[in-house]
Each structure stands twice: as structure tokens, then as C-alpha cells.
Amino acid sequence: MNQYTTGGVGPKRRRPADKSILSPPPYVVFPLSDFTIHLSRLQRDVGKTKKSLDTVVTDFILLGLSHPPNLRILLFLVFLIIYILTQLGNLLILFTVPDPKLHARSIYILLGVLSFLDMWIFSVIVPHFILNFTPASKAIPFGGCVAQLYAFHFLGSTPCFLYTLMAYDRYLAICQLLRYPVLMNGKLCTVLVVGTWVAGSIHGSIQSILTFRLPYCGPNQVDYFFCDIPAVLKVACADMTVNELVTFVDIGVVASSCFILILLSYANIVYAILKIHIAAGRRRAFSTCSSHLTMVIVYFVCIFIYLRAGSKSPLNGTVVVFYIVVTPLLNPLIYILRNQEVKSALKRIVVGLRAANKNKSNYGLRDYLHHCHYDSFQLLLHVANIQQIDVGLSLIECNSTRKNL
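The residue count restarts for each chain, going from 1 along the sequence in the order it is written. This being a predicted model, a pLDDT of at least 70 is required before a residue's local features are given, and a value of 80 or more before pairs of side-chain atoms are given or counted; all residues contribute to the totals for chains, interfaces and linings. With hydrogens and water set aside, each side-chain value is computed from the structure's full complement of heavy atoms.

### A short note on the overall build of the chain
Part 1: In DSSP terms, a helix is any run of H or I states spanning at least four residues, a strand is any run of E spanning at least two, and both are numbered starting from the N terminus. Scanning the chain from terminus to terminus reveals 13 helices and 3 strands.
Part 2: For the chain, the accessible surface area stands at approximately 25,100 Å², while carbon and sulfur atoms represent 68% of it. Every accessible area reported is derived by Shrake-Rupley at a probe size of 1.4 Å, with residue values counting cover from the shown protein chains alone.

Have a look at this one:
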């Protein structure tokens, strides 16, 4: 009989406990390196969260584009001269557009609006860019950075819609010549221009709101020469995937839609021009579109380079400088040098100013001679009166002398 059972003779013995049941489970051993990595990541995330809660960026420091230090003065003078020439050229366009023969056509109203936008986008970016070549402070307030980003995308996207309207205007002027005054009248042109401004404002608002809804906890150094989306997103303290996707899709959809509409307009224009049998008529019809077509090519090349670079990294500085600095300078040059109607309007204005100055100078000379003659006449009368007085005194003296004698 088993001695551990209750039956049988003898004292009862307790069954010994099963060691396999009471023994503690074996410990899970992690490598020390993995534990250290996980701990450092946890500390970094906690520190980043605490830092984002404790610190708020109030301004950004724009580091500008890299350039040789010995060329600062030269670059400063070059871009300052370009700035002055660009503003003067666009002011000349705005001064020419009110000409009666140009103001009656919608294409030149759109050209005046385009020159106005070029002046503003140039003034928003370039002055701060020029200051990068000086010892001046490169800091920009947080609100100023928001305004600069909004203005850049508002003033940069509105010309995209304007170029589309100008292509549609050229299509109506060539393919629908007889109905052109009815289809593109002044009222409709005004409504379309207001629509382009509203669309550009919505685009700029979307980009600025999505960019600055993210937390910015530092560092506040932006490796660029103005507040653009790719450069600003690099200093954000949050996930930027949604922003990068929306930025790419928004800009891509706007640019691609306008480009397709422009291509459709010019496809119909080319087809209509080829049906003209007279060579002089074909050249004249194409000359009315050449200036606009040149600027469309320059503009959309820059836009597609912007899209190719994406929003993950800042663009090549040379491309952006060309788009912001050179394009507004090319607009007045191309339209003044290649457009015969603009040159004719400038000649009429210059001739009118010369005629006005000539008439003014003639009237001034007549007035001067009139006043000179009047003054001379008064002087002669005065001399005559003096002589008469002298003669009278002489006669009185003679009479008194005679009486004394």
C-alpha cells in the first residue's frame, strides 16, 4: 500500500509539493541595447511634446540663399536695379492701358491687371530678398510669415487664371470675330477678373491655413529667402503628410486645369489661323497671340518645375528667383517690344505729351511777352509823366524868373 494514502496502518504523511508548480516562471531577458533604444525614444518623444507645450515660435529667421560673401554688394545692386526697372515697366503698362484704343479691348484690361499683380508679388518677396545681402536683421514675425505665404500663393495663382482668360479672349477675337464685342464686353470682363481674384484668394487661404495649423516649437530658422510651404514645413513639430499631399494636389489641379484650357483655346486658334488663305492675315492673327503665348510658356515652365520638386524639400533657388524676379520684368518688356498696338499707344501718348508741353510753352511765352509789353508800356508812361512834370517845373521857374526881371 502506498504510504502516502490515508488507508493502512501508520501515521499519515503529507504529500510533498510539486516543485514544478511552485517554482517561479523563468524571466524574459531583453538585450540591454534594445532597452536603451526604446528608453531614449520614449524620452525624446516626451521631451518633444513637453517642448511643444512650453515653447511657441513668435518669429522666423530667413537664412536666405547661399552666395559668395564677396559678391554681396554686386548682388544687392543687381537686384535693386531689377526691382526698379520692373516697377517702372509695369507702371508704364498701367499708364498705357487707359488709352482709348486699348481700353476698349478686354485683352489689355487683363494685361493691366496682370501688371498690377506682378508689381505686388514683386514687392512682397524681393525687398526682403534684397535685405539678405545686407547686415540687416533677417527675422520676420510669425504673422508676417503667414501674410507673406498667403500673398505669394494668392498673387502667384491669380495670373494662372488670368492667362486662361487671356487665351479665351484671343480665341473669341480670332474664331468668333463678329460676335467678339457681344461675347466679351466690359461687364463680363469685370466679372471674370473679380472671379480670378476670388479663386486666387481661396487658393492662398487654403495653403496658408493648412501650413500654419501645425505647431511650430523650434528651431525657427527657415533655410530659404521667403516663407514658402516646403521650407516652413521643415520646422513644424507634427506630421506633414496631409499638408504635402494637399499642397501637391491643389497646385497641380489648378495649374493643370488652366494649362489644358489654354491648350484647347490655342488649338482652336491655330486651326482658325490655318484656314486663312492670305499670308499677311495669318501673320497678323498670330502676332496678336505671340506675346501672350510667350508669357504662358515662361509661367507654366516655372509652375511645373515647382510641382516636380514637390513639397518635401525647398525648390532650387535659381528657379524660384527666375519666377519671382525675372518673370515680372519680362511681362512689360515682351508686351512693349512685341505688341504693335501697345507701341502705337505709347507713341500716341508721347506725342500728346510733347504737344501739350509745346502748347504750354507757347502759352507761357505769349503770357511772358504780354506781361513784358505791359510792363514796358507802364514804364514808358511813368517816364513820360516824369518828363511832363519836369517840363512843367521848368516852365514855372521860367515864368517866375521873368516876373522878377
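### What to know about the sheet that holds strand β1 (residues 59-62)
Part 1: For two strands to count as paired, DSSP must find a minimum of two bridges between them. Strand order in the open sheet formed by 3 strands is β2-β1-β3, with mixed pairing between adjacent strands. Edge positions in the sheet fall to β2 (139-141) and β3 (221-222), since each of these pairs with one other strand and no more.
Part 2: Across 3 bridges, β1 lies against β2 in antiparallel orientation. Of the residues in β2, the one forming a bridge with I61 is A139.
Part 3: Each of β1 and β2 touches helix α6 (residues 142-175); the most contacted strand, β2, lies at about 85 degrees to it. In what follows, residue pairs with any heavy atoms lying within 4.5 Å of each other are defined as contacts. Where helices are involved, their axes are fitted lines through C-alpha atoms of the stretch in contact, as for all axes, and angles between N-to-C directions lie from 0 to 180°.

### A look at the nonpolar core
Part 1: Judged by nonpolar contacts, the single largest core of 88 residues is most densely connected at F60, Y163, Y216, F225, F226 and I324.
Part 2: Per-element accounting of this core gives the leading share, 16 residues, to α6. By convention a nonpolar core is built from buried Ala, Val, Leu, Ile, Met, Phe, Trp, Tyr and Cys residues, the set being connected through side-chain atoms within 4.5 Å. Partly exposed residues are those whose accessible area sits between 20% and 50% of the maximum for their type, while under 20% is buried and over 50% is exposed, using a 1.4 Å probe and protein chains only.

### Some words on the pairing of β1
Part 1: Going residue by residue along β1, you find F60 and L62 tucked away on one face and D59 and I61 left uncovered on the opposite face.
Part 2: Here β1 pairs with β3 via 2 bridges, running parallel. Along β3, the bridge assignment pairs I61 with Q221.

### Comments concerning the packing of aromatic side chains
Part 1: Working definition: rings of Phe, Tyr and Trp (its six-membered ring) pair if their centres are within 6.5 Å, and the pair is stacked with planes under 30 degrees apart, edge-to-face with planes over 60 apart, and tilted otherwise. Enumeration according to the criterion identifies 26 aromatic pairs in this entry.
Part 2: Ring plane angle 65 degrees and centroid distance 5.8 Å describe the contact between F154 and W197, whose orientation is recorded as edge-to-face. Within this pair, whereas F154 is found in helix α6, its partner W197 is found in helix α8 (residues 186-212), the two being separated by 43 residues in sequence.
Part 3: The exposure class assigned to F154 is buried, which follows from its relative accessible area of 12%.

### Examining the pattern of salt bridges
Part 1: Salt bridges, as used here, are contacts in which a Lys or Arg side-chain nitrogen is within 4 Å of a carboxyl oxygen on Asp or Glu. Counted under the stated rule, the structure contains 1 salt bridge.
Part 2: Measuring nitrogen to oxygen at the nearest pair gives 2.8 Å for the salt bridge that ties D169 to R170. Across the pair, R170 and D169 agree in class, each one buried.

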